[in-house]
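# Coordinates in review
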Amino acid sequence: MSPAHRIMPENKLEAYAQLSLLRNAIASLSAEDGELETIDGMLEKLQTASYMVAVVGEFNRGKSSLINALLGMNILPADILPTTACINRVVYSEQPEVTLCLRGGQEEKVPFTALKARVTKLTEEGASAAAMIEEAIIGYPTVLCKNNISI
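So, a few notes on the structure that sits alongside this text. (Residues numbered from 1 in each chain as written. Predicted model: local features only at pLDDT ≥ 70, side-chain atom pairs only at ≥ 80, totals over all residues. Heavy atoms only, no water.)

### Points about the overall build of the protein
Helix and strand counts for the protein come out as five helices and six strands. Order of helices (α) and strands (β) in the protein, N terminus to C terminus: α-α-β-α-β-β-β-α-α-β-β. For 151 residues, the compact-globule estimate of 2.2 N^0.38 gives 15 Å, and the C-alpha radius of gyration of the protein, at 20 Å, exceeds that figure by more than 25%. Seen through its C-alpha atoms, the protein measures out along the principal axes to roughly 65 × 35 × 25 Å. Going through the 151 residues of the protein one by one, you find that 29% of them count as buried. Partitioning the contacts of the protein with sequence separation of at least 6, the portion at a separation of at least 24 is 65%. Only carbon and sulfur atoms are counted for the fraction: they give 57% of the accessible area of the protein, which is about 9,500 Å². Charged side chains in the protein number 13 positive and 18 negative. The centres of these two groups are separated by 9 Å. (Helix = DSSP H or I, 4+ residues; strand = E, 2+ residues; numbered from the N terminus. Rg over C-alpha atoms; globule rule 2.2 N^0.38 Å. Buried < 20%, exposed > 50% of the residue type's maximum accessible area, 1.4 Å probe, protein only. Contact = heavy atoms within 4.5 Å. Areas by Shrake-Rupley, 256 points an atom, 1.4 Å probe, with all protein chains shown as cover. Lys, Arg positive; Asp, Glu negative; His and termini not counted. Charge placed at Lys NZ, Arg CZ, Asp CG, Glu CD.)

Following this line, the structure appears as structure tokens:
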């Protein structure tokens, strides 16, 4: 997940700032590497801590509809037919955005309005396009995902 998708809560931000100051002070005293490694590990944990909520189930059982209901907005494509053809992950973003992580390791940014055409199997073209996608990361300004939570 890119740093743009990570928002550090105020209390973690303060802890990060204080640990950074402590690290700089210890480094200026010619500290041993082990002491700096411990602080660096703590800083890394504060920066990367995240939580993932997985919604799993059989085909056509309403997983996307459930997520849309939780978010209070129809973000994920949903239909009465089996729809989703690849993994969709909703993360926090200031602006709606979609990043497609392709099977070859590349990433492709697409307009938010193109999501349905790229990740669903409602048409042959859509199913073909979705087969090339490892994961769709959907950035959206939702409160549920604001503290490093992805769905």
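Now that the structure is up, let's keep going.
### Some words on the pattern of salt bridges
One pass over the structure, following the stated rule, counts five salt bridges. Salt-bridge contacts for Glu58 lead to Arg61; the nearest nitrogen and oxygen are separated by 3.7 Å. Across the pair, exposure class does not vary: Glu58 and Arg61 are exposed alike. For the salt bridge of Glu134 with Arg103, the shortest nitrogen-to-oxygen distance reads 3.0 Å. Placement of Glu134 in strand E5 (residues 133-140) and of Arg103 in the loop between strand E3 (97-102) and strand E4 (107-110) is noted, with a sequence separation of 31 residues between them. (Salt bridge = Lys/Arg side-chain N within 4 Å of Asp/Glu carboxyl O.)

### Comments concerning the nonpolar core
Among the nonpolar cores identified, the biggest contains 18 residues, and Leu100 and Val119 are the most heavily contacted of them. Counting only elements with at least two residues in this core, the list comes to helix H3 (63-71), strand E2 (87-92), E3, helix H4 (115-119) and E5. Of the residues forming this core, the biggest block, four residues, is contributed by E5. Those residues in contact with Leu100 that lie beyond four places of it in its chain are Gln106, Glu107, Glu108, Val110, Arg118, Val119, Ile133, Glu135 and Ala136. Counting residues in each nonpolar core, the second largest holds six residues, with Leu19, Ile26, Ile39 and Leu46 among its members. (Core = buried A, V, L, I, M, F, W, Y, C linked by side-chain atoms within 4.5 Å.)

### Section: unusual backbone geometry
Positive phi, normally seen in glycine, also occurs at Asn60, with a value near 55°. Mapped onto the secondary structure, Asn60 falls in the loop between strand E1 (51-52) and H3. Its relative accessible area of 38% is what places Asn60 among the partly exposed residues.

### Focus on the pairing of E4
A regular strand places its side chains on the two faces of the sheet in alternate fashion. In terms of strand pairing, E3 meets E4 through four bridges, oriented antiparallel. Across the sheet, Val98 pairs through a bridge with Val110, a residue of E4. Connecting E3 to the antiparallel partner E4 that follows it, the hairpin turn spans four residues, and Gly105 within it adopts a positive phi of roughly 100°. (Pairing = 2+ DSSP bridges.)

### A closer look at the side chain of Asn88
Inspection of the secondary structure puts Asn88 in strand E2. Apart from the residues lying within four places of it in its own chain, the contact partners of Asn88 are Leu76, Leu115, Val119, Ala136, Ile138 and Ile151.

### Focus on the sheet that holds E4
The sheet built from four strands is open, its strands ordered E2-E5-E3-E4 with mixed pairing. Edge strands, defined here as strands with exactly one partner in the open sheet, are E2 and E4. With direction set aside, neighbouring strand axes in the sheet form an average angle of 25°. (Axes fitted to C-alpha atoms, helices over the stretch in contact; angles between N-to-C directions.)

Structural measurements only, silent on function.
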